[in-house]
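Residues per chain are reported as follows:
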Amino acid sequence: MNRETIVSGVKASSPIMVSYIALGIACGIVLYDAGFSVVQIFLMSLFVYAGAAQFLAASMVVLGASFPSIILMVFFLNLRHVLMSASISGFVRNRSLRFLGLFGHTLSDETFGINYSKFQLGNWTPKEALVTSVSNYGTWVLSTMLGGVIGSQIPINTLIMNYALIAMFLCMMVLQFVSKPHIIAAAVSIIFTVILTIVLQHNIALVIATVLASFAGYYVETREHRRKGGREHA
């Protein structure tokens, strides 16, 4: 992998890396406050690598949820990654199992958005995409560990972070409005979250709404691709 590829991948991931530093530190502090040690926070980010799921796990630990239920909730919350992986798999065909394993493990909502958009423009390579993913992944792991260290040294009222995190997630959500499928997925997520929360009165509503929104976005995106393909053959 040459220097130009590395620079290009890091440059593309730099805006996400900045946001990951803030979110990662906040996540580390919340996890430490929930009872996780710095080492456990590091290992969780290293092997799980799921911001929303890690915040969810922290809240469930505080509420006294069982270990199996936490795993199940994290599984359903991250189920959208199956759809994202399927969408982007066509751009990384004929790559080694090691490459695909690392690329799949470091996939996140933000890196998917960057890589998928650049792949569609036609000026992006799988190696650049991998550098982008690994850069964001490394930033997240180190930032959450740093947050754990900060939380262990400085007493911080995590209640304040609820508002900061909502603001950051809203900002990141708006930045994802890059296409019609993304906007529709966001709308479906909001609508079903409200309806299911009222009906079910349980946090599982968020998971179900996320999965439904992912399928809605995937359906719209697939339909648009078929239309474009039909026009090209016409």
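Scroll up to find the structure this text is about.
The text that follows walks through the structure, step by step, so that each part is easy to find. Bear in mind that the values here come from a model prediction, so they are computed numbers and not experimental data. (Residues numbered from 1 in each chain as written. Predicted model: local features only at pLDDT ≥ 70, side-chain atom pairs only at ≥ 80, totals over all residues. Heavy atoms only, no water.)

1. Some remarks on the packing of helix H6 (residues 97-105) against helix H8 (residues 126-153)
- One way to put it is that H6 packs onto H8 with a least axis distance of 9 Å and a crossing angle of 45°. Relative to H8, H6 is oriented oblique. Where H6 crosses over H8, the two elements pack in a sense that is left-handed. Where H6 approaches H8, its residues Phe 99, Leu 102, Phe 103 and His 105 are matched on the opposing element by Pro 126, Lys 127, Ala 129, Leu 130, Ser 133, Val 134 and Tyr 137.
- Among the residues forming the contact of H6 with H8, the class breakdown is eight nonpolar, two polar and one charged. (Axes fitted to C-alpha atoms, helices over the stretch in contact; angles between N-to-C directions. Helix = DSSP H or I, 4+ residues; strand = E, 2+ residues; numbered from the N terminus. Parallel < 35°, antiparallel > 145°, perpendicular 65-115°, else oblique. Left-handed = near helix turned anticlockwise from the far one by under 90°. Contact = heavy atoms within 4.5 Å. Nonpolar A, V, L, I, M, F, W, Y, C, P; charged D, E, K, R; others polar.)

2. Some remarks on the side chain of Thr 5
- Relative to the helices and strands, Thr 5 resides in helix H1 (residues 3-33).
- A polar contact is formed between the side chain of Thr 5 and the side chain of Asn 2, at a distance of 2.7 Å.
- Filtering out sequence-adjacent residues up to four positions away, Thr 5 remains in contact with Lys 127, Glu 128 and Val 131. (Polar contact = N/O pair within 3.5 Å; in protein donor to acceptor, adjacent residues only side chain to side chain.)

3. Quick look at the environment of Thr 197
- Mapped onto the elements, Thr 197 comes out in helix H10 (residues 180-200).
- The class of Thr 197 is partly exposed, set by a relative accessible area of 35%.
- In this structure the C-alpha to C-alpha distance between Thr 197 and Ala 209, which are twelve residues apart in sequence, comes to 9.4 Å.
- Among the polar contacts made by the side chain of Thr 197, one reaches the main-chain carbonyl oxygen of Thr 193 at a distance of 2.5 Å. (Buried < 20%, exposed > 50% of the residue type's maximum accessible area, 1.4 Å probe, protein only.)

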